[in-house]
Amino acid sequence: MPSLADALAAIILASLTAYVLLGGADFGGGVWDLLASGPRKSCQRDLIAHAIGPVWEANHVWLILAMVLLFTCFPRAFASIAIALHVPLTLMLVGIVLRGSAFVFQNYGGGGGRVFAIASLVTPVLLGVSVGAVAAGAVPARVRDGPFVVSYIDPWFTPFAFAVGIFALACFAFLAAVYLTLEAREPELQEDFRQRAMISGPAVFAMAVIVLALFPQAPPVNQRVVALTAAAALGTFWSLWRRRYQLARAAAAIQVTLIVWGWGIAQYPYLVPPDLTIARAAAPRITLELTLIAVLAGAVVLFPSLYYLMRVFKGTNDH
Amino acid sequence: MSDVLAARSQMAVSLAFHIIFAVIGIAMPVLMVLAERRWQRTRDPIYLDLAKRWARGTAILFAVGAVSGTVLSFELGLLWPRFMELAGPIIGMPFSLEGFAFFTEAIFLGVYLYGWEKVSPRAHLLAGVLVALSGAASGIFVVIANAWMNTPTGFTLTNGSFSAIDPIAAMGTPAAFPQALHMTLAAYAATGLGVAGIHAFLLLKNRTSAFNRAALTIGLLVGAPAAVLQPIAGDIAARYVARRQPVKLAAMEGLYETRAGAPITIGPGIRIPYALSLLAFHDPRAVVQGLDAVPRNEWPNVPLVHLSFDVMVVLGTYIALVGLWAGWLAWRKRDFATRRRFLWALAIAAPCGFLALEAGWMVTELGRQPWVIFGVLKTADAVTPMPGLIVPFTAITLLYCALGVIVVRLLSRQIVRSPQA
Ligand code: HDD
Ligand code: HEM
Ligand code: HEM
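Report follows, based on the coordinates.

What counts, and where the lines are drawn
Residues numbered from 1 in each chain as written. Chains lettered and ligands numbered in written order. Predicted model: local features only at pLDDT ≥ 70, side-chain atom pairs only at ≥ 80, totals over all residues. Heavy atoms only, no water. Helix = DSSP H or I, 4+ residues; strand = E, 2+ residues; numbered from the N terminus. Rg over C-alpha atoms; globule rule 2.2 N^0.38 Å. Buried < 20%, exposed > 50% of the residue type's maximum accessible area, 1.4 Å probe, protein only. Contact = heavy atoms within 4.5 Å. Areas by Shrake-Rupley, 256 points an atom, 1.4 Å probe, with all protein chains shown as cover. Lys, Arg positive; Asp, Glu negative; His and termini not counted. Charge placed at Lys NZ, Arg CZ, Asp CG, Glu CD. Near = heavy atom within 4 Å. Polar contact = N/O pair within 3.5 Å; in protein donor to acceptor, adjacent residues only side chain to side chain. Nonpolar A, V, L, I, M, F, W, Y, C, P; charged D, E, K, R; others polar. Patch = residues over 30% accessible without salt bridge, like charges linked within 9 Å, V, L, I, M, F, W, Y side chains within 5 Å. Salt bridge = Lys/Arg side-chain N within 4 Å of Asp/Glu carboxyl O. Buried area = accessible area lost by both parts, 1.4 Å probe.

A word on the overall build of chain A
For step 1, the next point in the chain: Each helix and strand counted, chain A has 13 helices and two strands in total.
For step 2, the next point in the chain: Its C-alpha atoms give chain A a radius of gyration of 20 Å, near enough to 20 Å, the size a compact globule of 319 residues would have.
For step 3, the next point in the chain: Each principal axis of the C-alpha distribution contributes one length, and for chain A these read about 55 × 45 × 45 Å.
For step 4, the next point in the chain: Looking at chain A residue by residue over its 319 residues, the buried ones come to 58%.
For step 5, the next point in the chain: Restricting the contact set of chain A to residue pairs at least 6 apart, pairs at least 24 apart contribute 80%.
For step 6, the next point in the chain: Carbon and sulfur atoms make up 70% of the accessible area of chain A, which totals about 12,900 Å².
For step 7, the next point in the chain: Each charge class in chain A can be summarised by its mean position, and for the 20 positive and 15 negative side chains these summaries are 4 Å apart.

Below, the structure written as C-alpha cells:
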C-alpha cells in the first residue's frame, strides 16, 4: 500500500518528468542550434528560437516545482543532495543562467547565440551527473569527514555519473529533434530534423547500454520497464521512418518517461540511497497533507492554463 | 573571508540582484495593461506602441528574473542546508504556492509577449492582468517565507528540532502582513517612478514627445500613490519590529541604551527627542529597548543597519514628496511635461525607489543577524559544511556583474530608440 510520502515522491518524479519532456527539449533545441548545418542552417536556428520562445519559462518552472516539493516534503534528502553535490549543482546553475539569459539576449538583438548553444550542452550533462550520483548511491545522509575531494568530488566525479550526464543530453537532443519535426512548416526543414531524430535515437540507445554497463552495483532494473522502453523506442523509430510525426512525438515522450520512471522504480523505496528511504526522509504528516492539497488545488489552475498555452502556440501546424 | 561570510555574501548578491528583476516583474505588467487598455479605449496608437515596447523590455527582464530566481531556490539548500532541513516542512507551503504562481505568471507571460496576433484583444489584455496578479502573488508568498524567518511561529522547539508544526499558523506569522504590504507597495513605487523618471528625463530633452508624455503619466499613475503610501506601510512595519524584534529596532535607530522617551538619531549628530518612542509605540514616553538588553554577540552590525535604515527613510521621504507633488499637479490639472522643476525632481527619483528597496532589505536581513531564524537558529549553524565557499561567491558575483552590464546595454538601446516625435 503506497503511503502519503510515496504519493508525494511520485508527484516530484512526475514534475521532474515534465521538466525532462518539456524543459529538456528546450535544452535539446540548443544542441541543434549548435549543430545547425547545411543549406538551411539559419532556418533551423530560427525554427528553434521560434519553438522555444513562448514556452521555455513555463517549461522551466517544472524544475523549480520539483525542487520546492523536495525541500518541503523531504527536507533531509534535499539537504544531503545540496551538500554532497554542491559543485555540479552550482555549475548547473551557472549553465541555467547563461542559457536563459543568452537566449533572450539573442532574441533581442544582443548576440549570445554561441553562449546559448554551449550552455544548452553543458547544463543537461550536469543535471544528469547529479541524478547519476544519486542513483549510484553516492550521496550519504551525513557528509563523510575527510578531505575535500572525498566528500565533495568523489560522489559525482565517476564514469557512471558522466555516462548518465551524456545519456541525459542525448535524450534531450532526441526529444527536441522529434518535436521539431512537428514545428517545421517546410518539408525540407522537417526532413532535416527527421534525420537528426533518427541519428540521435540510436545514440540514446547506445548511451543506455553504457549506463547500465557502468552501473556500480548489479543494475536493479525492472525487466518489464526495460521491455516497454525498448518497445517505445522501436515505435518512435518506426513512426519517424514512416513520417508519422505525431505518433513519433507521443512514442518518444513515452520512451523518455519510461526511462525516468524506470530509474524511480529501480531505487524504490529509496529516495537518496544508501541512507534515506522515502519514509525516513519524509516531513511530518501535516506538511505532506497540506502540500498534497496545495498541489491538487494548483493543478486545477495549472493544467487548463498549460493547455491554453500549448493550444495557442503549438496547435496551429499539427496535422 | 570565512565560509559563513562568503555564503552570506553570495546570498546577499543573489538576492539583491534578483529583487530588482522581481519588482519589475511585479509592476511592469500593470503598466503594460494600463497602456493596452488605454489603446483599446482611445485607439491612440501611441499607447499600443508603448505597450509593445514595454513588453519587449520586460521580456528581457523577466528572463533574468526567472533564472536568478532559480539560482535562489537552489542556493537556499546549497548554502544553508541546515536551515532548509529544519524550516522546509514549515515554510515549504508558501514556496509551493509560489511555484504555482510562477506557472501562471510564466504561462500567461508567454501568451502576452508572443500572442499579440494569436489571441483576441480581450484575451490578450486578460493574460496581462493574470501576469500582474500572479506576479504580485509570487512576491507575497516569498515575503511570507521571509517574514517567518523574522517572527517564527507555528511549531514547538525541543532540543533544536521542531515538533507539533503547523504550516498554516506559520504563514500567518505576525510579520507577514506588514512585510507583504510594504514590499508590494515598494515594487509599484520603485518601478512606477523609475519608468516615470526615465521619461521625465527624456522629456527634459524633448518636450513635445507624446510618447514620453504617455509613458510618464502611466508610470506616475502606478508609482505616485504607492510612494505616498509607503511611509505609512513602513510605520506599520516599524511598529511590528519594535514589538517582535527589539534588537533590530535598536540597531536601526542606533539606540545603545534602553530608555523611556527615546530620541531618533540621524547620521552623526542630529537628534529628535522622543521621536523614536513616538514612532515605534505612538507614545512619546514609551520605553524602547536598547542594544544593551542582549549580549554583544547577539548584536547585528549596528552601523550598517542604522545607515541602511536612514538611507531608506530619506529616499522614501523624497519619493513620497515627489508623489505628492505629482498628485497636486494632477489635481490642479497642470501639464507635467512643461514643469521643468518637477521633471527634474522626477528624474532624480527614478533610481531612488530601487535604492530604498535594497536598503530596506539590508535592514531586514542584516538586522536579523546573527540569526537566520530569529531566536531559533544561528546563521553560522545553518551554513553548508563545504569549504572554499569564496569560489562560488566570486563566480556568481562576476556572472551577475556581466549580466547586469548586458541588460543595461540592451535596455538603454531600447530606450534610446524610443520614438521622439
Ligand atoms: C521603495 C522602497 C521603499 C521605501 C520608499 C521605504 N521602504 Fe521600508 N523597506 C522596503 C522598501 C522601502 C523593503 C525593501 O521592501 C523592505 C525590506 C523587507 C520588507 O518587508 O520591506 C523594507 C523594510 C522596512 C522595515 C523593516 C521591516 C522588517 O525588518 O521586518 C522598516 C521598519 C521600514 N521598511 C520602514 C520604512 C519607513 C519608515 C519608510 C519611510 C519612508 C520606508 N520604509 C520607505
Ligand atoms: C529566497 C528568496 C527567493 C527565491 C528562492 C525566489 C525564487 C524565484 C524563482 C525560482 C523564480 C523563477 C520563476 C520563473 O521561472 O518564472 C523567481 C521569480 C520571481 N520572483 Fe523570486 N525568489 C526569491 C525572492 C523574491 C522576492 C523577495 C520577491 C519579491 C518580492 C520575488 C518575486 C519574484 C517574482 C515576481 C518573480 C517572477 C519573475 C520575474 O518577475 O522576473 N522573489 N523567484
Ligand atoms: C529579494 C530581497 C532580499 C534581499 C535583497 C535580501 C538580502 C539579504 C542579505 C543582504 C543577506 C545577508 C545578511 C547577512 O548575512 O548579513 C541575506 C541573507 C539571507 N536571506 Fe535575504 N534578502 C531578501 C529576501 C529574502 C527572502 C524572501 C528570503 C527567504 C525566503 C531570504 C532568505 C535569506 C537567507 C536564508 C539568508 C542567509 C541567512 C542569513 O544571513 O540570515 N531573503 N539576504
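Focus on the site of ligand 2
For step 1, the next point in the chain: Near ligand 2 you find 25 residues, and of these His-18, Gly-25, Gly-65, Gly-69 and Phe-102 of chain B are the closest.
For step 2, the next point in the chain: The residues that come close to ligand 2 belong to more than one chain, namely chains A and B.
For step 3, the next point in the chain: Interatomic distance of 3.0 Å between a side-chain N/O atom of His-18 of chain B and a nitrogen atom of ligand 2.
For step 4, the next point in the chain: For the shell around ligand 2, the secondary structure elements donating two or more residues are helix H3 (56-73) of chain A together with helix H1 (3-42), helix H2 (45-79), helix H3 (81-114) and helix H4 (121-150) of chain B.
For step 5, the next point in the chain: Split by residue class, the shell around ligand 2 holds 14 nonpolar, 10 polar and one charged.

What to know about the site of ligand 1
All names here are of chain B.
For step 1, the next point in the chain: In the vicinity of ligand 1, 24 residues are found, and the nearest of them are His-182, Lys-248, Met-312, Leu-357 and Thr-364.
For step 2, the next point in the chain: Lys-248 is positioned with one of its side-chain polar atoms (N or O) 2.8 Å from an oxygen atom of ligand 1.
For step 3, the next point in the chain: Counting only elements with at least two residues in the shell around ligand 1, the list comes to helix H6 (176-205), helix H7 (210-244), helix H8 (246-253), helix H10 (302-331) and helix H12 (352-368).
For step 4, the next point in the chain: Classifying every residue of the shell around ligand 1 by side-chain character gives 13 nonpolar, 10 polar and one charged.

Observations regarding a positive patch on the surface
All names here are of chain B.
For step 1, the next point in the chain: On the surface, Arg-56, Arg-409, Arg-413 and Arg-417 cluster together to form a positively charged patch.
For step 2, the next point in the chain: If you trace the backbone, Arg-413 turns up in helix H14 (residues 390-416).
For step 3, the next point in the chain: Residue class for Arg-413 comes out partly exposed when judged on its relative accessible area of 37%.

A word on the pattern of salt bridges
For step 1, the next point in the chain: Throughout the structure, instances matching the rule amount to 11 salt bridges over all chains.
For step 2, the next point in the chain: Between Glu-191 of chain A and Arg-243 of chain A there is a salt bridge; the shortest N-O distance is 2.7 Å. Here Glu-191 of chain A is found in helix H9 (residues 187-214), whereas its partner Arg-243 of chain A is found in the loop between helix H10 (223-241) and helix H11 (245-267), with 52 residues between them in sequence.
For step 3, the next point in the chain: With relative accessibility at 28%, the residue Glu-191 of chain A sits in the partly exposed group.
For step 4, the next point in the chain: For Arg-243 of chain A, a relative accessible area of 43% puts it in the partly exposed group.
For step 5, the next point in the chain: In this structure, Asp-335 of chain B engages Arg-213 of chain B in a salt bridge whose closest nitrogen and oxygen atoms are separated by 2.9 Å. Separated by 122 residues along the polypeptide, Asp-335 of chain B in the loop between H10 and helix H11 (340-349) and Arg-213 of chain B in helix H7 bring together distant segments of the chain.
For step 6, the next point in the chain: Residue Asp-335 of chain B is classed as partly exposed on the basis of its relative accessible area, which comes to 32%.
For step 7, the next point in the chain: Salt bridges sharing common partners tie together Glu-191, Arg-194 and Arg-243 of chain A.

Comments concerning the environment of Leu-169 of chain A
Residue and element names in this part refer to chain A.
For step 1, the next point in the chain: Its place among the elements puts Leu-169 in helix H8 (residues 159-183).
For step 2, the next point in the chain: Spatially, the C-alpha atom of Leu-169 lies 17 Å from that of Val-115, the residues being 54 residues apart in sequence.
For step 3, the next point in the chain: If we ignore the near neighbours within four places in the chain, the residues touching Leu-169 are Val-31, Ser-120, Leu-121, Pro-124 and Val-125.

As for the interface of chain B and chain A
For step 1, the next point in the chain: Between chain B and chain A, the residue contacts involve 58 residues of the former and 63 residues of the latter.
For step 2, the next point in the chain: Carbon and sulfur atoms supply 81% of the area that chain B and chain A bury against each other, a total of about 5,400 Å² over both sides.
For step 3, the next point in the chain: Per-residue buried area on chain B facing chain A is highest for Phe-74, Phe-100 and Phe-103 of chain B; these three make up 14% of the total on that side.
For step 4, the next point in the chain: Taken together, the connections running from chain B to chain A amount to one salt bridge.
For step 5, the next point in the chain: Glu-85 of chain B serves as the salt-bridge partner of Arg-142 of chain A, at 3.4 Å between the closest nitrogen and oxygen.
For step 6, the next point in the chain: Taken together, the connections running from chain B to chain A amount to six residue pairs in polar contact (both at pLDDT 80 or more).
For step 7, the next point in the chain: Contributions of two or more residues to the side of chain B that touches chain A are made by H2, H3, helix H5 (167-171) and H14 of chain B.
For step 8, the next point in the chain: Counting residues per element, the side of chain B that touches chain A draws most heavily on H3 of chain B, at 23 residues.

Details of the environment of Leu-8 of chain A
All names here are of chain A.
For step 1, the next point in the chain: With respect to the helices and strands, the residue Leu-8 is situated in helix H1 (residues 4-34).
For step 2, the next point in the chain: Here the alpha-carbon distance between Leu-8 and Ala-161, two residues 153 residues apart in the chain, equals 26 Å.
For step 3, the next point in the chain: Look past the residues within four positions of Leu-8 in its chain and what remains in contact with it is Cys-73, Phe-74, Leu-288, Thr-291 and Leu-292.

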